[in-house]
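Per-entry structural report
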Amino acid sequence: MKIAFDHTIFLIQKFGGIARYFNELVNNIDNLHETKIFCPIHLNEIIDKNKKIFKLKKINSIPRFSTKILNYFNYTLNDLIFLKWKPDIIHKTYFNSYNYKYHKAKKILNVWDLSHEKYHKMYLKSSDWRPKKKSLKNIDHVICSSKNTQNEFIEYYNFDHKKTSVVYQCAPDFRFNLTVKKKKEKILLYVGSRLKYKNFENLLEALSYNKSILHDFKLICFGAEKLSEREKYLIKTFQLNEKNIFFESGDDFKLANYYLNATALIYPSKNEGFGFPPLEAMTYGCPVISSNNKAILEATNLINYSFDPEDPKDILKKIEKIVYSENEINYLNDYGLKRVKQFEKKKMINDIKKIYDNVIRY
């Protein structure tokens, strides 16, 4: 069986959980499934050295106003390759409405979360906005990142339940020979985007109710986004200790070291499909304090260590309870290392192989 993974996510993410997810699939599916990534032009660091890839050029960033041009070039070239290579399955790596010309291939798409639909007002859209609708045209099967995501997806798009499956992503493996540390540094870690439903503003407000936290701990915000004017305004308005708030980016090795050393990952997102950072954190023995979003809790099962993301005072309460308690830190360290064993790579790969095999039989 031949499985082609298209370029879409690799022209969006330099790093990131979704790109890593597909990289793991390509590298770990057995020889009965011939897999290859097709992204002639990409900017992704994770797949750049992958041998199972067709590529022409890696770029450092997308020039202004050229996203559509680069996508069009990739689609057109992939079309020609697929007509010759004849894949049994085209697994789209992110949402796109392009209809590949090799129609004999079955099409698979992942739905990670329904945040745009749930928080449509944040995007200045009406309640009937369905941004994935065009991408779902001619899709034979949808892989959902959690049971919560599956339920929401079927509700919002009235999609056939039989054409959906839930596959939990595996705990990430950065492949670094690093030793988990019991002794933590005075670091609170925030990972990923800080925009919209990611709820960073409520975290800042929470920390304003006990200003000693940002004197006792550094807040490291790790992600691609630079400090915004809005964030500068909030930090000053809340009178937070800006000398202990840092905005950083970097590669997987740098992130892994933060997970190893941080007292806790604070993950206040209002909505997720499953949540890569909590799994990453637990892999390295980093305690997780998260919102009580249902999908996140499918990953962590830490209801007693979660908070209401709409309530900054509840966010603060959970942070205070954990970060000043050596017993709680040690418990969460050990718990996370055990929990991630339930999300083994082998199980994820086997579940997806079954989907491929079943889709071909449709």
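Read on for an overview of the structure. All values derive from a computational prediction rather than experimental measurement. (Residues numbered from 1 in each chain as written. Predicted model: local features only at pLDDT ≥ 70, side-chain atom pairs only at ≥ 80, totals over all residues. Heavy atoms only, no water.)

1. Comments concerning the overall build of the chain
Each helix and strand counted, the chain has 13 helices and 15 strands in total. Whereas a compact globule of 362 residues would reach a radius of gyration of roughly 21 Å, the chain reaches 21 Å, a difference of no more than 12%. Here the chain holds 362 residues, and the buried ones make up 56% of them. Put simply, 69% of the contacts in the chain that link residues at least 6 apart link residues at least 24 apart. Surface summary for the chain: the accessible area is close to 17400 Å², and the carbon and sulfur share equals 51%. Looking at the chain, you have 62 positive and 41 negative side-chain charges, and the mean spots of the two groups are 5 Å apart. (Helix = DSSP H or I, 4+ residues; strand = E, 2+ residues; numbered from the N terminus. Rg over C-alpha atoms; globule rule 2.2 N^0.38 Å. Buried < 20%, exposed > 50% of the residue type's maximum accessible area, 1.4 Å probe, protein only. Contact = heavy atoms within 4.5 Å. Areas by Shrake-Rupley, 256 points an atom, 1.4 Å probe, with all protein chains shown as cover. Lys, Arg positive; Asp, Glu negative; His and termini not counted. Charge placed at Lys NZ, Arg CZ, Asp CG, Glu CD.)

2. Overview of the sheet that holds strand β4 (residues 53–54)
Across a sheet, strands are paired by hydrogen bonds formed along the backbone, either parallel or antiparallel in direction. In space, the seven strands of this open sheet follow the order β4-β2-β1-β6-β7-β8-β9, with parallel pairing throughout. Strand pairing shows two members of the sheet lacking a second neighbour, β4 and β9 (164–166), which therefore form its edges. Of the pairings in the sheet, the one linking strand β1 (residues 2–5) to strand β6 (residues 89–92) comprises three bridges and is parallel in character. By the bridge assignment, Ala 4 is partnered in β6 with Ile 90. Each of β1, β2 (34–38), β4 and β6 touches helix α2 (residues 67–85); the most contacted strand, β2, lies at about 160° to it. The strands touched by helix α13 (residues 345–361) are β1, β6, β7 (106–111), β8 (141–144) and β9; relative to β7, the strand with the most contacts, the crossing angle is about 140°. (Pairing = 2+ DSSP bridges. Axes fitted to C-alpha atoms, helices over the stretch in contact; angles between N-to-C directions.)

3. Observations concerning the layout of surface pockets
Empty space among the atoms becomes apparent when a probe as large as a water molecule is rolled across them. In this model, the largest pocket occupies a volume close to 1500 Å³. In terms of lining residues, the largest pocket is bounded by 46 residues, among which Gln 13, Gly 16, Gly 192, Ser 193 and Lys 198 are the most central. For the lining of the largest pocket, the secondary-structure elements that each account for two or more residues are α1 (17–28), β10 (187–191), α8 (252–261) and α9 (276–283). For the lining of the largest pocket, the residue count by class is 21 nonpolar, 14 polar and 11 charged. (1 Å grid on protein atoms, 1.4 Å probe; cavity = no way out; pocket = protein on both sides within 12 Å on 5 of 7 lines; lining within 4 Å. Points joined across faces, edges and corners; volume = space filled by probe spheres on them. Nonpolar A, V, L, I, M, F, W, Y, C, P; charged D, E, K, R; others polar.)

4. A few points about the packing of α1 against α13
Following both chains from N to C, one finds α1 and α13 inclined at 80°, their axes separated by 10 Å at the closest point. One finds that α1 runs roughly perpendicular with respect to α13. Note on element contacts: α13 touches α1 through Lys 345, Met 348, Ile 349, Ile 352 and Tyr 356, opposite Tyr 21, Glu 24, Leu 25 and Asn 28. In terms of residue class, the contact of α1 with α13 is built from six nonpolar, one polar and two charged. (Parallel < 35°, antiparallel > 145°, perpendicular 65-115°, else oblique.)

5. Some points on the pairing of β1
For β1 and β2, the ladder comprises four bridges, and the chain directions are parallel. The residue of β2 that forms the bridge with Ile 3 is Thr 35. In the classification by handedness, the crossover that spans β1, the intervening α1 and the parallel β2 is right-handed. (Right-handed = clockwise from strand over helix to strand, strands pointing away.)

6. A short note on the sheet that holds strand β11 (residues 218–222)
Taken together, six strands build an open sheet; the order of strands is β12-β11-β10-β13-β14-β15 and the sheet is parallel. Only two strands of the sheet have a single neighbouring strand rather than two, namely β12 (245–248) and β15 (306–307). The strands touched by helix α5 (residues 200–208) within the sheet are β10, β11, β12 and β13 (264–267), with β11 carrying the most contacts at an inclination of about 175°. Sheet contacts for α9: β10, β13 and β14 (288–291); angle to β13, the most-contacted strand, approximately 170°.

7. Quick word on the state of the cysteines
On inspection of all chains with the given rule, the structure shows zero disulfides. Not part of a disulfide, Cys 39 finds its nearest cysteine sulfur in Cys 170, a span of 20 Å. Under the relative-accessibility criterion, Cys 39 is labelled buried at 0%. Cys 221 takes part in no disulfide bond, and the closest cysteine sulfur to it belongs to Cys 286, at a distance of 14 Å. (Disulfide = S-S within 2.5 Å.)

8. Focus on empty space enclosed by the protein
In total, this model carries one cavity of 30 Å³ or more according to the counting rule given. Of the voids in this model, the largest cavity is the one considered here, and its volume is about 60 Å³. What lines the largest cavity is Gly 17, Arg 20, Tyr 21, Glu 24, Gln 169, Cys 170, Pro 172, Phe 276 and Met 348. Looking at which element gives the most residues to the lining of the largest cavity, the answer is α1, with four residues. When the residues that make up the lining of the largest cavity are grouped by side-chain class, the tally is five nonpolar, two polar and two charged.

9. Some details on the side chain of Thr 93
When you line up the elements, Thr 93 lands in the loop between β6 and β7. Residues contacting Thr 93, with those up to four places away along its chain left out, are Phe 5, Asp 6, His 7, Thr 8, Ile 9, Phe 10, Ile 18 and Phe 22.

10. Some thoughts on the pattern of salt bridges
Per the counting criterion, the structure on display carries 18 salt bridges. Across the pair Glu 231 and Arg 194 runs a salt bridge whose closest N-O atoms are separated by 2.7 Å. Placement of the pair is Glu 231 in helix α7 (residues 229–237) and Arg 194 in the loop between β10 and α5, with a sequence separation of 37 residues. Across the pair, Arg 194 and Glu 231 agree in class, each one buried. With a shortest N-O distance of 3.2 Å, Glu 248 and Lys 254 are connected by a salt bridge. A relative accessible area of 22% means that Glu 248 is categorised as partly exposed. When salt bridges that share partners are traced, they join Arg 20, Asp 252 and Glu 280 into one network. (Salt bridge = Lys/Arg side-chain N within 4 Å of Asp/Glu carboxyl O.)

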